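Understanding the architecture of this molecule
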Amino acid sequence: MLVNRRILLCVSGGIAVYKAVALVSKLSQAGADVKVIMTDSARQFVQPLSFQVMSRNDVYFDTFDEKDSAVIAHIDLADWADLIIVAPATANVIGKLANGIGDDMVTTTLLAATAPIWVAPAMNVHMYDHPAVKRNIDRLHADGVRFIEPSEGFLACGYVGKGRLEEPEKITELVSGFLGREPLLKGKKVLVTAGPTRERIDPVRFLTNFSSGKMGYAIAEAAAELGAETVLISGPVSLPAPPGVKRIFVESAEEMLQAVKAEFSDSDFVIKTAAVADYRPKSVHGQKMKKQEGDSSIELERTSDILQYLGSQKDSQVLIGFAAETNDVSHYAKNKLERKNADYIIANDVTESQAGFESETNRVTVFGKADFEKSFEMLPKQELARKLLRLIIEREMPNDR
């Protein structure tokens with residue numbers, strides 16, 4: 001799956017460096033050409049020779065040690081890579097990358113990179129939970145960096161919690177799925193909706209919900225990776241547009257409906273992850289509503305049901321809806337599947353920890369016609385998106401696999 005794919009591994013200092021040696025071994029066994037850059041701290045844990053033996057390539061750690069005088073090493077390595085992985089990624093290197101600091105071989109190379117960057121954190125559970133680290137991770141997310149979530153377990157410091165570098169086998173599996181993907185959706189158009197809508201009350205207030213758009217954006221990115229012409233109709237979010245995706249910004253439910261109508265007829269797959277408002281103010285005030293004595297009320301009216309409209313209009317399109325529930329998930333999802341004439345409903349319990357709005361992970365169950373049902377474990381949304389698309393492709397395009 002990884003034959004002739006070029007992977008640059010950036011190793012920063014932590015006890016998990018020993019896992020990075022195993023990762024190089026796994027990636028090399030899968031056929032990848034791996035080159036390694038180490039920070040000075042990483043060399044305190046493992047000698048460069050270990051990585052050199054496993055990769056059969058020179059190991060880099062000194063910005064000013066130019067092994068080939070014909071090129072500038074950190075620029076050449078950045079240009080060479082198909083994928084860059086930072087593993088283990090310490091709080092220090094995450095902070096440097098988030099703030100554009102380039103003061104060693106690893107960080108200067110990362111700043112010069114145009115290839116996708118994946119970051120696999122490994123640190124003490126309290127460090128991982130520190131507001132500054134969270135802030136830096138959020139900034140890198142916004143910059144388009146992908147994270148391989150750390151696992152939970154016993155840490156070298158003696159604590160038990162989240163902070164363990166993901167296992168080399170798992171990282172290799174993720175890389176194989178990314179770099180070894182087939183263009184299974186080439187020639188197909190995938191239409192995705194994502195994020196919340198805003199329903200204006202007056203020039204300064206609106207009704208909305210907690211949707212971050214992360215699940216929809218992950219699905220759009222996964223569809224583009226599989227070769228699809230991908231159109232993403234997005235409510236107001238702060239996420240960058242996924243590579244290779246045409247993004248259309250909207251604000252209200254009505255604007256989203258009109259944008260979907262314009263793209264629907266020639267779409268092959270329509271995936272509605274957006275959390276569209278069910279109601280909007282019946283009257284929108286032209287001026288800011290002033291505070292008055294006593295209580296006040298706002299009269300609401302129904303917005304258009306986009307999924308139901310698409311279900312009544314679909315021809316050959318595969319229509320997939322999402323259901324964010326707080327109780328009786330299976331009952332409501334199956335009911336929605338039938339009422340909306342959808343092909344699939346993907347449902348989750350948004351009250352579950354790490355599976356609701358704004359989280360980086362999700363746990364869902366897919367419901368389809370003829371009593372089809374398949375549950376997925378808690379996964380990072382980007383990984384889950386790929387698995388969901390694979391499932392739909394297997395069922396709807398069995399001869400194209």
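Residues numbered from 1 in each chain as written. Predicted model: local features only at pLDDT ≥ 70, side-chain atom pairs only at ≥ 80, totals over all residues. Heavy atoms only, no water.

Where an unreviewed UniProt entry is consulted, the protein chain appears under the name Coenzyme A biosynthesis bifunctional protein CoaBC, with the organism given as Metaplanococcus flavidus.

In this section: the sheet that holds strand E2 (residues 33-38). Judged by pairing direction, the sheet is parallel, and its six strands sit side by side in the order E3-E2-E1-E4-E5-E6 without closing on themselves. Every interior strand has two partners, whereas the edge strands, strand E3 (59-60) and strand E6 (146-147), have only one. Alignment of E2 against E3, held across two bridges, turns out to be parallel. Directly across from Val36, in E3, lies its bridge partner Val59. Across the sheet, helix H8 (residues 168-179) lies against strand E1 (6-11), strand E4 (83-89), strand E5 (117-121) and E6, angled at about 165° from E4, the strand it touches most. (Pairing = 2+ DSSP bridges. Helix = DSSP H or I, 4+ residues; strand = E, 2+ residues; numbered from the N terminus. Contact = heavy atoms within 4.5 Å. Axes fitted to C-alpha atoms, helices over the stretch in contact; angles between N-to-C directions.)

The element E1 is extensively covered by neighbouring structure, given that five of its six residues are classed as buried. Inspection of the sheet shows E1 paired to E4 by four bridges, in the parallel sense. If you follow Leu9 over to E4, its bridge partner there is Ile85. (Buried < 20%, exposed > 50% of the residue type's maximum accessible area, 1.4 Å probe, protein only.)

Our next topic: the pattern of salt bridges. Per the counting criterion, the structure on display carries 26 salt bridges. One salt bridge in this structure joins Glu167 and Arg164, with 3.4 Å as the shortest N-O distance. Residue classification places Glu167 among the partly exposed positions, given a relative accessible area of 30%. Glu301 serves as the salt-bridge partner of Arg280, at 3.0 Å between the closest nitrogen and oxygen. One end of the pair, Arg280, is in strand E15 (residues 279-281); the other, Glu301, is in strand E16 (residues 300-302), with 21 residues separating them in the sequence. Taken together, the shared-partner salt bridges connect Arg146, Glu221, Glu225 and Arg386 into one network. (Salt bridge = Lys/Arg side-chain N within 4 Å of Asp/Glu carboxyl O.)

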